[in-house]
Every structure is written in structure tokens, then in C-alpha cells.
Amino acid sequence: MGAPFVPQDQKQRERIQSSLDETLFVEAGAGTGKTEALVGRLVALITTGRARINSIAAITFTELAAVELRERVRSRLL
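All of these numbers come straight from a predicted model, not from anything done at the bench.

A. Molecular detail of the packing of helix H1 (residues 10–18) against helix H2 (residues 34–47). The contact between H1 and H2 brings their axes to 7 Å, and the two run at 30°. Residue-level inspection shows Arg15, Ile16 and Gln17 of H1 in contact with H2, the latter providing Glu36, Ala37, Gly40, Arg41 and Ala44. In terms of residue class, the contact of H1 with H2 is made up of three nonpolar, two polar and three charged.

Here it is as C-alpha cells:
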């Protein structure tokens, strides 16, 4: 058994979820975990009290992506 997989960009992934007082621009290819990173960031903002859910604007390229983002955030908060 080898060591667990650690993505090459793990530090950047952690920054997305922990640097909550910064505005960040995240750019990456399809299937790289952008939505998961954004969900984690939104949940962290809400659960730490840094933001209220009704004060957050998240922009996606499609309505389908927006629905997926909303549902993932909801499921993590419930």
C-alpha cells in the first residue's frame, strides 16, 4: 500500500477553503474539483459566520451548474 494521493495543487485547494477574508479567482479545467472547492468555501463562510447565505453571490457558466452548486451547499449544511 502506497501513500494516499495528494493533488499537486493541494496547497491552493486548502487556500480556497481557508482564506475566507480574501477574494479569490479560481480557474481550472473540467473535472478538477472547482465546484467541490467552491462548495467547501461557501460552507466555511456560512458556518464561521463570516457571511450569511442570503448575502453570497456565486457565478457559474450555466443554470445547470448553478443548480448543482446550490444543491451541494444545501446538502452540506443540512
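B. Expanded view of the nonpolar core. Judged by nonpolar contacts, Leu20, Val39, Leu42, Val43, Ala44, Leu45, Ala51, Leu69 and Val73 together constitute the single largest core of nine residues. For this core, the secondary structure elements donating two or more residues are H2 and helix H3 (63–77). Take this core: its biggest share by element is five residues, from H2. Apart from the residues within four sequence positions on either side, leucine 45 is in contact with Leu20, Arg50 and Ala51.

What counts, and at which threshold
- Residues numbered from 1 in each chain as written.
- Predicted model: local features only at pLDDT ≥ 70, side-chain atom pairs only at ≥ 80, totals over all residues.
- Heavy atoms only, no water.
- Axes fitted to C-alpha atoms, helices over the stretch in contact; angles between N-to-C directions.
- Helix = DSSP H or I, 4+ residues; strand = E, 2+ residues; numbered from the N terminus.
- Contact = heavy atoms within 4.5 Å.
- Nonpolar A, V, L, I, M, F, W, Y, C, P; charged D, E, K, R; others polar.
- Core = buried A, V, L, I, M, F, W, Y, C linked by side-chain atoms within 4.5 Å.
- Buried < 20%, exposed > 50% of the residue type's maximum accessible area, 1.4 Å probe, protein only.

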